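Reading the structure
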Amino acid sequence: MAIKRGLSGTGFHRSRSGGSRYPIVILVCFALLAPFVFLTGRRIYPTVKFDPNDVSTDSSTLGIDWREKLALQHVKSLFSKEVLDVVTASTDNMGPFSLDFFRQSNLSASWKVVGIESPIENNASYAERNVTAVHVEQDSAGGDKEKSSDDRSEFTDTPAKLARRQLRVKRREQRAAELVQQDDETYIKLENAAIERAKSIDSAILGKYSIWRREIDNENSDSTVRLMRDQMIMARVYLSLAKMKNKLDLYEELQARLRESQRSLGDATSDGDLHHSAPEKIKLMGRVLSKAREQLYDCKLVTGKLRAMLQSADEQVRALKKQSTFLSQLSAKTVPNGIHCLALRLTIEYYLLPEEKRKFLRSENLEKSSLYHYALFSDNVLAASVVVNSTIMNAKEPEKHVFHVVTDKLNYGAMNMWFLLNPPKKATIHVENVDEFKWLNSSYCPVLRQLESTAMKEYYFKAAHPTSLSAGSSNLKYRNPKYLSMLNHLRFYLPQVYPKLDKILFLDDDIVVQKDLTGLWSVDLHGKVNGAVETCGESFHRFDKYLNFSNPHIARNFDPNACGWAYGMNIFDLKEWKKKDITGIYHKWQNMNEDRVLWKLGTLPPGLITFYRLTHPLEKSWHVLGLGYNPSVDKSEIEKAAVIHYNGNMKPWLELAMTKYKSYWTKYIKYDHPYIRSCKLSE
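Residues numbered from 1 in each chain as written. Predicted model: local features only at pLDDT ≥ 70, side-chain atom pairs only at ≥ 80, totals over all residues. Heavy atoms only, no water.

**Brief notes about the overall build of the protein chain**
A tally of regular secondary structure across the protein chain gives 28 helices and twelve strands. As presented, the protein chain carries roughly 42,300 Å² of accessible surface, and 53% of it is formed by carbon and sulfur atoms. (Helix = DSSP H or I, 4+ residues; strand = E, 2+ residues; numbered from the N terminus. Areas by Shrake-Rupley, 256 points an atom, 1.4 Å probe, with all protein chains shown as cover.)

**Overview of the packing of aromatic side chains**
Counted by the stated rule, this structure contains 24 aromatic pairs. Taking the centre distance of 5.2 Å and the plane angle of 80 degrees together, the rings of Y350 and Y351 count as edge-to-face. Residue class for Y351 comes out partly exposed when judged on its relative accessible area of 47%. On the basis of an interplanar angle of 75 degrees and a centroid distance of 6.2 Å, the ring pair of W439 and Y444 is categorised as edge-to-face. (Phe/Tyr/Trp six-rings, centres within 6.5 Å; stacked < 30°, edge-to-face > 60°. Buried < 20%, exposed > 50% of the residue type's maximum accessible area, 1.4 Å probe, protein only.)

**Some words on the pattern of salt bridges**
Counting across every chain of the model gives 13 salt bridges. With its nearest N and O atoms 4.0 Å apart, the salt bridge here joins R318 to D314. Of this pair, R318 and D314 both sit in helix α12 (residues 299-333), four residues apart, which is roughly one turn of the helix. With its nearest N and O atoms 3.8 Å apart, the salt bridge here joins K579 to E576. Remark: E576 and K579 occur in helix α23 (residues 574-580); sequence separation between them is three residues, near one turn of the helix. For E576, a relative accessible area of 16% gives the class buried. Several salt bridges share partner residues, and in doing so they unite R257, E260 and K281 into one network. (Salt bridge = Lys/Arg side-chain N within 4 Å of Asp/Glu carboxyl O.)

**Re the state of the cysteines**
On inspection of all chains with the given rule, the structure shows two disulfides. Covalently, C341 is tied to C679 through a disulfide, its sulfur atoms 2.2 Å apart. Taking the torsion about the S-S bond as the criterion, the C341 to C679 disulfide, at about -75 degrees, is left-handed. Here the residue C341 occupies a position in helix α13 (residues 337-352), and C679 occupies one in the segment after α28 (674-678), the gap between them amounting to 338 residues. (Disulfide = S-S within 2.5 Å.)

**As for the pairing of strand β6 (residues 503-507)**
With four of five residues buried, β6 lies mostly within the body of the structure. Across three bridges, the pairing between strand β3 (residues 372-377) and β6 is parallel. Residue pairing in the sheet places A375 in a bridge with F506 of β6. Judged from the five bridges that link them, β6 and strand β9 (residues 569-573) form a sheet pairing that is antiparallel. Looking at the pairing, I504 lines up with F572 of β9. (Pairing = 2+ DSSP bridges.)

**Re the confidence of the model for the protein chain**
Looking at the protein chain as a whole, the pLDDT averages 77, with 69% of positions reaching at least 70. Below a pLDDT of 50 lies the segment residues 1-19, which in the model reaches three contacts outside its immediate sequence neighbourhood of four places, other chains included. Confidence drops under pLDDT 50 across residues 42-64; counting only partners more than four residues distant or on other chains, this segment forms 28 contacts. (pLDDT = per-residue confidence, 0-100. Contact = heavy atoms within 4.5 Å.)

**Observations concerning the sheet that holds strand β5 (residues 428-433)**
Judged by pairing direction, the sheet is mixed, and its seven strands sit side by side in the order β5-β4-β3-β6-β9-β8-β10 without closing on themselves. In this open sheet, the two edge strands, each paired with only one partner strand, are β5 and β10 (615-617). Between one strand axis and the next, the sheet turns through 25 degrees on average, direction left out of account. Along the sheet face, helix α15 (residues 412-421) touches β4 (401-407) and β5 and points at about 170 degrees away from the line of β5. (Axes fitted to C-alpha atoms, helices over the stretch in contact; angles between N-to-C directions.)

**Digging into the nonpolar core**
Of all hydrophobic cores here, the largest spans 64 residues; its most connected members are L505, L517 and W665. For this core, the element with the most residues is helix α14 (residues 381-393), which contributes eight residues. Residues L547, W565, F572 and I582 belong to the second largest nonpolar core, which totals 45 residues. (Core = buried A, V, L, I, M, F, W, Y, C linked by side-chain atoms within 4.5 Å.)

**What to know about unusual backbone geometry**
With a phi angle near 50 degrees, D581 is a residue other than glycine that sits in the positive phi range. Relative to the helices and strands, D581 resides in the loop between α23 and α24 (582-592). On the basis of relative accessible area, D581 is assigned to the partly exposed category, the value being 45%. With a phi angle near 60 degrees, K680 is a residue other than glycine that sits in the positive phi range. By the element assignment, K680 lies in the segment after α28.

**Re the packing of helix α9 (residues 223-244) against helix α11 (residues 278-296)**
Running from amino to carboxyl end, α9 crosses α11 at an angle of 35 degrees, the nearest separation of the two axes being 10 Å. The two elements α9 and α11 cross, and the hand of that crossing is left-handed. Contacts between α9 and α11 involve T224, L227, M228, Q231, M234, A235, Y238, L241 and A242 from the first element and A278, I282, M285, G286, L289, A292, R293 and L296 from the second. Counted by class, the contact of α9 with α11 contains 13 nonpolar, three polar and one charged residues. (Left-handed = near helix turned anticlockwise from the far one by under 90°. Nonpolar A, V, L, I, M, F, W, Y, C, P; charged D, E, K, R; others polar.)

**Things to note about the sheet that holds strand β12 (residues 643-645)**
Spatially, three strands are ordered β7-β12-β11 in an open sheet, and the strand pairing comes out mixed. Of all strands in the sheet, those with a lone pairing partner are β7 (511-513) and β11 (623-624), marking the two edges. The sheet contact formed by β11 and β12 spans two bridges and is parallel. Bridge assignment links H623 to a residue of β12, and that residue is V643.

**Brief notes about the environment of H645**
Tracing the chain through its elements places H645 in strand β12. Classification of H645 by relative accessible area gives buried; the value is 2%. Placed 20 residues apart in sequence, H645 and L625 show a C-alpha to C-alpha distance of 4.8 Å. Ignoring anything within four residues of it in the chain, the contact list for H645 reads D508, D510, I511, Y567, G568, H623, V624, L625, G626, L627 and G628.

**A short note on the packing of helix α10 (residues 248-265) against α11**
Contact geometry for α10 and α11: axes closest at 10 Å, N-to-C directions at 150 degrees. One way to sum up the angle between α10 and α11 is to call them roughly antiparallel. Considering only the axes of α10 and α11, their crossing is left-handed. Residue-level inspection shows L250, E253, L254, R257, L258, E260, S261 and S264 of α10 in contact with α11, the latter providing A278, K281, L284, M285, V288, L289, K291, A292, Q295 and L296. Its residues assigned to classes, the contact of α10 with α11 shows ten nonpolar, three polar and five charged. (Parallel < 35°, antiparallel > 145°, perpendicular 65-115°, else oblique.)

**Overview of a positive patch on the surface**
Taken together, the side chains of R164, R168, R171 and R172 define a basic patch exposed on the protein surface. Mapped onto the elements of the fold, R164 is located in helix α6 (residues 159-200). (Patch = residues over 30% accessible without salt bridge, like charges linked within 9 Å, V, L, I, M, F, W, Y side chains within 5 Å. Lys, Arg positive; Asp, Glu negative; His and termini not counted. Charge placed at Lys NZ, Arg CZ, Asp CG, Glu CD.)

Shown next, in the form of C-alpha cells:
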C-alpha cells in the first residue's frame, strides 16, 4: 500500500509536471510563430491599393474588416479630390500612407505641416526639407528581424518648378514695367492738357491782373511802385492823425511829400514807367514817415483810420461798377461814327440816282415759295451786309436764295444803295421800308398803341428818370431804343409781310453764317410753328427768368421750368402760323402787358409766350450764342456752328467787342471798299 501510494504519488507528481509543460510550450511556439506568420503574410499579400472611386470592393478580398469598409464609404464626402489623390499616390508609391508625402507633394500654400522646422542654409531663397521614411522589412527565409534604417532624402526643386517660378518673376517685372509706362503716359497727357488750357486763356480778358504776366515771374517786379503806393497810404493816415493832434508842421511836411510822390508816380503801373526822381522821393517820404511814427503812432487810431479808408474804397468800387455798367450799355446802344458816316454817304448817293437805277434784279423770285427765303430786319447797313455776304459765300446754290430786308425810313436809302453797289452774286435781294406798311398802325398793333400812351412816354422820355449814372444803370437796359422800334416787333407779323410764302428763315443782324443753311428747310417741325435752338442750362434761361410768375395769368398758363430758346436764327412754318393764329396770340398777351406787369420790355418774353409748346428744338450746332457777352465760348463749338450770334452788349462793330471773336465777323467786310475807307472803318 505504501508502494502503491508512493507510485501513485510519484505518478501523480509526474502527471502534474507533464501536464504543466504543454501550455508553456504552446505559448512559446505561438510567440515565435506569430511574427513569422505576420511577416510572411505581409510578403504573400500585396499592399492594398486605395481606390476612392471603388469603395464597394469585397472586404474579404481587401483584407479589411467591416469598420474600415464603412469608413471608406464616407471618405469621398470627407476629403477633397486633392487629398484623395495624395492618399492614392502615397498608397501606390510608399505602401502605408505617410504624412511625409505632404511635404513632397506640390500642394497649395494653405497646406502646412505643424511641428516641422525648415532650416535655411546660406540665406538661400528656397528651403530644403529633410524627411525621414522608415521602412520595416522582415526577411522571410531567415525569419529574423532587421533593424530599420533611416532614409533621409533631400528634396530639391525640379526644373519644371524652377521654370514656373522664373516665369512668375518675369511676369511680375513685366507688369511693373507696364504700370510705370502707364503712369508716364498719364503724366504726359496731363501736362499736355495743362499746356493747351494755358494757351486758350484770353489775355484780353485777364488783363493786367493775369497771373501769366511776365512781371509775375519776378517776385520783386514793380516793387518800387508798390512801395510808393504803400507810403502814400500811410502818409494819408498820418495826415489825419497830425491834424487831429494839432501837429501842423508835421502835417504840412507830410502833405508836401505826398504831393511829390503823387507827381512822381503819376500813371505808372510798373517800375520802368517811373520818373527818374522816384528813388529820391521814396527816401524823403521814408524819413517823414519815420518821424510821424515817432510822434503820432497809436495802434488803435491807425487801425481805425485804415478800416475807414478800406470801407471808403469799397464804396467807390461799387459806384464805379455801376457807372461802368451804365456806360457799357450806353455804348452798346450808340452808333459808331464810322457806321453813321457810311449811312449818310450812301443815303446821299441813293437819292442822287435816277429812279430807273434804283431797282434790283430778279424781283420775280420774291414770291416763289420753292426758293430759300430769308427775313432780315435791321437799321445797320454794315451789319446787314455781313449777314447777306456770309450767307451767300457759304451757300451751295446762291441763285436759289432770296433776302427780304426791312429797315426804317432813316436808313432806307443807305440800305438800298449798299446792295445796289454790292449785289450778292446771283442771289435775289429786296429792301423795304417799315414805315410804308400802312396796315401796321396803332389800331391793329398793340405795341404801337402802347407807345403812344402817356404812361409809356413818361417812362421813356420824362421825369422819374434817375439823375446819376450809378442810379440809372439798372433801368437803362429796358430803355433801349430798339424796344420802341417796330423793326424789333415786326417778327410777329411775318405772314402779313410775306403772305405768299410757306417757310421763311428769320435772321438777326448780329449773326454770321458759316455754313450752308438750306438744310433747315427740310427739318420736320412736327406740326410746330417755330424751329429754334434751346438755351436753357441747369437752372438759367428758363421761363421764370423772363416772366413774372407772381402774376396769376403767368403762373396759371406756363411752366416756370420750361426751356427758353433763342431768337436770331429761326425757321418759321408760315402755314402753321396762320392755322394757329400766332399773331392773334401775341396781340392777346401784349394787350395784357400794357402796364409791364407780365414781363419787361423786349421781344423774347412775348416770343416765349406766343410760341409756348409750338417750338421745335434744333440741333445746337445750328446756332451758337454768347459771342457778345461770354468770353469762354468753346472755339471748337464756334468753328462747327452754322450760325454764330453776337448777342449781348459787345457787338462786333463796337470798340468794346471781344477781340478773340471779332475776326469771325470782320472777314466778311471789304475794308478796301471806297465808302468804308472814306469813313475810316477798319478792323
